[in-house]
Amino acid sequence: MSAKRCRLLARLALQDLWHDRMISFCIISALVAVIAPLLLLFGLRFGIVSQLEQQLISDPRNLEIRMLSSGNYSQAWIDHLKQRSEVGFAIGQTRSLNTLADLQKDPRHFIENAEVIPTASGDPLLGNIHLIKDDDVVLTENAARQLSVKSGDSITLRVSRSLEGRLEMGQRRVHIVGVLAPTYFNRSALFTRQDLLVMLENFRDGYLTPSLGAQDGTSLAQHIQHFARVRLYAKDIDQVAGLEQVLNQQRIETSSRLADIENVKSINRVLGVIFNIIAATALLGSIASLVGSFIANIDRKRKHIAVLRLLGFTRSGVAIYVILQGLILSLAAYLGGYSLYLFSSSVFNHVLSTSQITGQMLCRLTPIHALIAMGLTVVISLVVATIAAYRATIIEPAQSLREL
């Protein structure tokens with residue numbers, strides 16, 4: 001078919017739709033009544049689930065797997081654990097009693113038995129805060145407030161031990177390079193390099209540790225360091241279950257926020273099932289309605305189609321004419337449905353964002369979603385229009401004109 005004839009068909013299709021604008025409006029309205037609610041429903045589902053997933057992903061505590069009991073883990077075992085694809089961060093931790101120390105700024109500002117937590121590059125809790133020098137530490141906001149210090153200040157870390165009946169005090173000056181917000185850790189604690197934490201344990205165990213000012217004690221020459229626990233974080237929330245299962249298979253008792261993660265996944269699955277059932281029902285109803293509307297419209301225009309055939313249009317030309325009308329109607333219906341969705345979603349966003357219960361749950365679609373929805377609308381309308389086009393191609397001009 002020539003380009004000139006295609007342009008003529010397109011012009012005739014538009015003029016015919018405008019001539020029967022009331023019927024065209026009814027068909028478009030029927031499509032809008034399906035498209036707008038489906039877009040709104042999917043927008044609510046996507047907005048709620050994506051917000052819940054974002055909260056899970058952005059909170060590093062959801063990636064943490066805690067070891068509930070103490071063990072005896074070598075550095076080689078920890079290095080092997082780090083090589084697993086499920087692991088995002090892992091570092092050895094000493095016995096619980098050896099992870100406490102006193103922090104002091106001056107005689108008026110001090111904290112007794114603050115937690116000392118090992119850290120390294122890639123720690124999910126610290127984010128972009130990095131420890132460059134050996135004496136660099138990060139304080140939690142609670143500890144910084146009690147000590148009245150800020151990033152750039154220095155404090156003294158103190159520990160004590162009883163060696164051969166003598167009370168000895170070890171201390172070291174450390175430099176604060178960052179303060180951790182209380183969002184994910186609200187206790188008084190100090191994050192430091194693993195070497196300093198090991199040093200505190202060795203000091204309490206009676207070993208010689210000159211870095212803490214201790215000149216007495218057993219030599220560390222034959223000492224092999226082992227760790228009681230591991231600070232462990234999965235690479236992402238989908239790896240938490242698998243990593244926890246690996247540890248449980250090694251008879252290591254653990255705890256995690258796997259239940260919260262599974263709850264969000266369950267919500268996603270339930271909302272997905274609900275949406276799919278409603279969408280399938282609405283689509284089947286709209287397809288049945290469109291098929292009936294298009295076929296009834298074809299039967300009503302039998303004489304017009306017969307005239308087109310007598311004017312020289314082939315069966316394929318008539319089919320293209322009907323399909324073009326279906327495409328125009330579906331695009332107009334999608335634009336109307338999407339416009340109605342934009343208005344309704346803005347109302348939802350306003351109401352939900354100001355609610356104390358739902359907070360920031362929003363109804364939203366991405367541009368990709370909008371394009372996919374438009375593509376599905378066009379495909380469905382083309383399928384329906386093709387059925388109507390077949391109906392139009394079997395019309396015999398002579399038989400139709402005989403009824404005039």
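Keep in mind that what you see is a predicted model, and the values were worked out from it rather than measured.

Right, let's get into the overall build of the protein chain. Of regular secondary structure, the protein chain possesses eleven helices and twelve strands. In summary, the protein chain has a C-alpha radius of gyration of 35 Å against a globular reference of 22 Å for 404 residues, an excess of more than 25%. Out of the 404 residues belonging to the protein chain, those deemed buried represent 41%. A separation of at least 24 residues holds for 79% of the contacts in the protein chain among residues at least 6 apart in sequence. Element-wise, carbon and sulfur atoms account for 59% of the exposed surface of the protein chain, whose accessible area totals about 21,700 Å².

Let's shift gears to the environment of Val-384. You can see Val-384 is positioned in helix 10 (residues 367-393). For Val-384, a relative accessible area of 2% corresponds to the buried category. Put simply, Val-384 and Phe-294 are 90 residues apart on the chain and 7.8 Å apart in space, counted from C-alpha to C-alpha. Discounting residues that sit within four places of it in the chain, Val-384 has contacts with Ile-287, Leu-290, Val-291 and Phe-294.

This part takes up the packing of helix 2 (residues 21-58) against helix 7 (residues 258-300). Running from N to C, helix 2 and helix 7 point in directions that differ by 170°, and their axes come no closer than 10 Å. In terms of orientation, helix 2 and helix 7 fall into the roughly antiparallel class. Partitioned by chemical class, the residues of the contact of helix 2 with helix 7 number 21 nonpolar, five polar and four charged.

Moving on: the packing of aromatic side chains. Each aromatic ring pair is summarised here by two numbers: the centre-to-centre distance and the angle between the ring planes. The full count for this structure, using the stated rule, is seven aromatic pairs. Measuring from centroid to centroid gives 6.2 Å for Phe-89 and Tyr-233, while their planes differ by 55°, and the two rings are tilted. In this pair, Phe-89 sits in strand 3 (residues 87-93) while Tyr-233 sits in strand 11 (residues 229-234), placing the two residues 144 residues apart along the sequence. Of the two residues, Phe-89 and Tyr-233, neither departs from the other in class, the shared state being buried. Between Phe-185 and Phe-191, the ring centres sit 5.6 Å apart and the planes meet at 75°, which makes this aromatic pair edge-to-face. The class for Phe-185 is buried, based on a relative accessible area of 9%. Aromatic rings pair up to connect Phe-42, Phe-46 and Phe-275 into one cluster. Just above the ring of Trp-18 sits the side chain of Arg-21; from NZ or CZ to the centre is 4.6 Å.

The next subject is the pattern of salt bridges. Opposite charge on two side chains allows them to pair when their charged atoms are near. Taken as a whole and judged by the stated rule, the model has 15 salt bridges. For Asp-123, the salt bridge goes to Arg-231, with nearest N and O atoms at 2.8 Å. Of this pair, Asp-123 sits in the loop between strand 5 (109-119) and strand 6 (136-140) while Arg-231 sits in strand 11, and the two are 108 residues apart along the sequence. Owing to a relative accessible area of 3%, Asp-123 belongs among the buried residues under this scheme. Using a relative accessible area of 5% as the deciding quantity, one classes Arg-231 as buried.

In terms of nonpolar packing, the biggest core is built from 34 residues, with Leu-81, Phe-185, Phe-191, Val-230, Leu-232, Leu-243 and Leu-247 touching the most fellow members. Taken together, the elements giving at least two residues each to this core come down to helix 2, strand 1 (64-67), helix 3 (75-82), strand 3, strand 9 (189-193), strand 11, helix 6 (240-249) and helix 7. For Val-230, the contacting residues outside a window of four places in its chain are Met-67, Trp-77, Ile-78, Leu-81, Ala-90, Ile-91, Gly-92 and Gln-93. With 32 residues, the next largest nonpolar core counts Leu-40, Phe-294, Ala-333 and Leu-365 among its residues.

Turning next to the sheet that holds strand 4 (residues 100-106). If you walk around this closed barrel you meet the six strands as 4-5-9-6-8-7, and the pairing is mixed. Neighbouring strand axes in the sheet, compared pairwise and without regard to direction, differ in orientation by 45° on average. With ten bridges joining them, strand 7 (residues 154-163) and strand 8 (residues 166-180) adopt antiparallel strand pairing. Directly across from Arg-158, in strand 8, lies its bridge partner Gln-171.

When you line up the elements, Glu-201 lands in helix 5 (residues 194-204). When its relative accessible area of 3% is taken as the criterion, Glu-201 is described as buried. Among the polar contacts listed, one links the side chain of Glu-201 to the side chain of Gln-225, at a separation of 2.9 Å. Excluding its chain neighbours within four sequence positions, the residues that come into contact with Glu-201 are Thr-94, Arg-95, Asn-98, Gln-225 and His-226.

Moving on to the sheet that holds strand 1. Pairing in this open sheet of four strands is antiparallel, and the strands run 3-11-1-12 from one edge to the other. Pairing within the sheet leaves two strands with one partner each, and these edge strands are strand 3 and strand 12 (254-256). Ignoring strand direction, the axes of neighbouring strands in this sheet form an average angle of 20°.

Moving on to a nonpolar patch on the surface. On the surface, Leu-340, Phe-343, Val-347 and Val-351 cluster together into a nonpolar patch covering about 370 Å² of accessible area. On the secondary structure map, Val-347 appears in helix 9 (residues 315-353). Given a relative accessible area of 41%, Val-347 falls into the partly exposed group.

What counts, and where the lines are drawn
- Residues numbered from 1 in each chain as written.
- Predicted model: local features only at pLDDT ≥ 70, side-chain atom pairs only at ≥ 80, totals over all residues.
- Heavy atoms only, no water.
- Helix = DSSP H or I, 4+ residues; strand = E, 2+ residues; numbered from the N terminus.
- Rg over C-alpha atoms; globule rule 2.2 N^0.38 Å.
- Buried < 20%, exposed > 50% of the residue type's maximum accessible area, 1.4 Å probe, protein only.
- Contact = heavy atoms within 4.5 Å.
- Areas by Shrake-Rupley, 256 points an atom, 1.4 Å probe, with all protein chains shown as cover.
- Axes fitted to C-alpha atoms, helices over the stretch in contact; angles between N-to-C directions.
- Parallel < 35°, antiparallel > 145°, perpendicular 65-115°, else oblique.
- Nonpolar A, V, L, I, M, F, W, Y, C, P; charged D, E, K, R; others polar.
- Phe/Tyr/Trp six-rings, centres within 6.5 Å; stacked < 30°, edge-to-face > 60°.
- Lys NZ or Arg CZ within 6 Å of the ring centre and 35° of its normal.
- Salt bridge = Lys/Arg side-chain N within 4 Å of Asp/Glu carboxyl O.
- Core = buried A, V, L, I, M, F, W, Y, C linked by side-chain atoms within 4.5 Å.
- Pairing = 2+ DSSP bridges.
- Polar contact = N/O pair within 3.5 Å; in protein donor to acceptor, adjacent residues only side chain to side chain.
- Patch = residues over 30% accessible without salt bridge, like charges linked within 9 Å, V, L, I, M, F, W, Y side chains within 5 Å.

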